[in-house]
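# Structure at a glance
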Amino acid sequence: MARVLIVAEHDGATLNASTAKCVSCAASFESSAIDVAVLADDGAGVAAQAAAIDGVTGVVRLDHPANRYAVAAVAAPQIAELAADYTHVFGPSTTFGKDLMPRIAALLGVGQLSDIMSAETPWRFKRPIYAGNAILTVEASQDRPVVATVRTASYQAAESGAAAPITERAVETELPSHTRYVELRSDSGGGRPDLQTASRVISGGRGVGSKENFEIIDGLADALGAAVGASRAAVDAGYAGNDLQVGQTGKIIAPDLYIAVGISGAIQHLTGIKDAGVIVAINKDAEAPLFEIADIGLVADLFTAVPELVEALKT
Ligand SMILES: Cc1cc2nc3c(=O)[nH]c(=O)nc-3n(C[C@H](O)[C@H](O)[C@H](O)COP(=O)(O)OP(=O)(O)OC[C@H]3O[C@@H](n4cnc5c(N)ncnc54)[C@H](O)[C@@H]3O)c2cc1C
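Summary of the structure given here. (Residues numbered from 1 in each chain as written. Predicted model: local features only at pLDDT ≥ 70, side-chain atom pairs only at ≥ 80, totals over all residues. Heavy atoms only, no water.)

### Some words on the sheet that holds strand S15 (residues 296-299)
Read across the open sheet, the 5 strands follow the order S12-S11-S13-S14-S15; overall the sheet is parallel. Bordering the open sheet on either side are strand S12 (227-230) and S15, each of which pairs with just one other strand. The mean angle between the axes of side-by-side strands here comes to 15°, regardless of whether they run parallel or antiparallel. Here strand S11 (residues 200-204) runs beside S12; their pairing, made up of 4 bridges, is parallel. (Pairing = 2+ DSSP bridges. Helix = DSSP H or I, 4+ residues; strand = E, 2+ residues; numbered from the N terminus. Axes fitted to C-alpha atoms, helices over the stretch in contact; angles between N-to-C directions.)

See below:
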């Protein structure tokens, strides 16, 4: 019987929704345990949030000063040690999971399975390849631990349930000192929601025209309580930071609402948003390919339409 360990993604205070999405993946097949590991310097609050996710059978707290910030090189040996009690170790396909899970796999001497989008059995999974244009069925060996990332765009976050037990474990692993946390620089600032799990995302493209003009996108995002994203052309032109890029070589997201402003709709961009709920396109070119897949299309100059929209939202 499968026993699944999920590595919690959090910022020290709040559990990221990606963890509850991993729980949904684990809950889609038969298993005798779905436990969540919380690595923090004081994980009480985050552990309580993880314990309240429906389907979670237990939470393991690993409190240590070295776990104050999420450093993959420090977390991996701790998870690898816990993994002895489990058949599966899951993490989200976010920047956090993509950084951490390959290290855990390497320490356990197995290959990492990327981007689970559905599970047919505990050892048979589907995952996208060629930017989502083909779906591969992968059969993992039952003799070795399955270390995998879960495609967060493919799963809804599990709801709240009865609180699962929380246990504390001492960190006995020797922690590496060659990699240390120095500082976090992020362009997603302004207290906005996390791009990868936000329910609303407003993205700007090359049509926005400059870094200064990108404030128009920020304004609409703030009016809607949304995260900000960008096309690769906008990122390459320096209008927005790299960590805001949406698409094949950026973030794959599945918000309930996605508003693309001044974005043409290249296939590599669409790959990142195809699981979004309602897609809105604002573009002055009525022939822009994004209109073909958008639920709502507005043919308009963004410099007129977006301020009007913000004004309307305020009133
Ligand atoms: C291997 C590979 C990987 C890639 N990965 C990604 C990726 O991850 N993400 C990604 O986004 N792209 C990616 N790309 C790039 C992709 O092919 C496109 O070049 C890019 O998405 C175009 O960005 P854009 O729509 O902002 O720019 P453009 O295609 O130049 O479109 C700008 C749009 O703005 C509109 N516009 C201009 N002015 C206004 C105005 N005043 N009001 C309203 N609309 C206006 C125009 O009509 C136009 O439709 C990748 C490409 C390759 C080859």
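### Considerations on the environment of Pro-122
Of note, Pro-122 is situated in the loop between strand S6 (118-121) and strand S7 (124-129). Here the alpha-carbon distance between Pro-122 and Ala-27, two residues 95 residues apart in the chain, equals 10.0 Å. Those residues in contact with Pro-122 that sit more than four places away from it in its chain are Ala-2, Phe-29, Glu-30 and His-88. (Contact = heavy atoms within 4.5 Å.)

### So, the pairing of strand S1 (residues 2-7)
Most of S1 sits out of view: 5 of its 6 residues are buried. As paired elements, S1 and strand S2 (residues 31-40) share 6 bridges and run parallel to each other. Note that in S2 the partner of Ile-6 across the bridge is Val-36. Taken together, S1, helix H1 (residues 17-27) and S2 constitute a β-α-β crossover, and its handedness is right-handed. As paired elements, S1 and strand S4 (residues 88-92) share 3 bridges and run parallel to each other. When the sheet's bridge partners are listed, Ile-6 is paired in S4 with Phe-90. (Buried < 20%, exposed > 50% of the residue type's maximum accessible area, 1.4 Å probe, protein only. Right-handed = clockwise from strand over helix to strand, strands pointing away.)

### Re the pairing of strand S13 (residues 257-261)
Taken across its 5 residues, S13 has 4 buried, putting it largely inside the fold. Sheet topology note: the S11/S13 ladder contains 5 bridges and is parallel. Residue Arg-200 lies in a different strand from S13, and its bridge partner there is Leu-257. Taken together, the 5 bridges between S13 and strand S14 (residues 278-283) define a ladder with parallel strand orientation. Directly across from Tyr-258, in S14, lies its bridge partner Ile-279.

### Brief notes about the site of the ligand
Around the ligand there are 25 residues in total, and Arg-206, Ser-231, Thr-249, Ser-264 and Asn-283 lie nearest to it. Between an oxygen atom of the ligand and a main-chain N or O atom of Gly-250, the distance comes to 3.4 Å. Protein burial of the ligand: of its 990 Å² of free accessible surface, 76% is covered by the chains. Contributing elements (two or more residues each) for the shell around the ligand: helix H6 (232-236), helix H7 (267-270) and helix H9 (302-314). (Near = heavy atom within 4 Å. Polar contact = N/O pair within 3.5 Å; in protein donor to acceptor, adjacent residues only side chain to side chain. Areas by Shrake-Rupley, 256 points an atom, 1.4 Å probe, with all protein chains shown as cover.)

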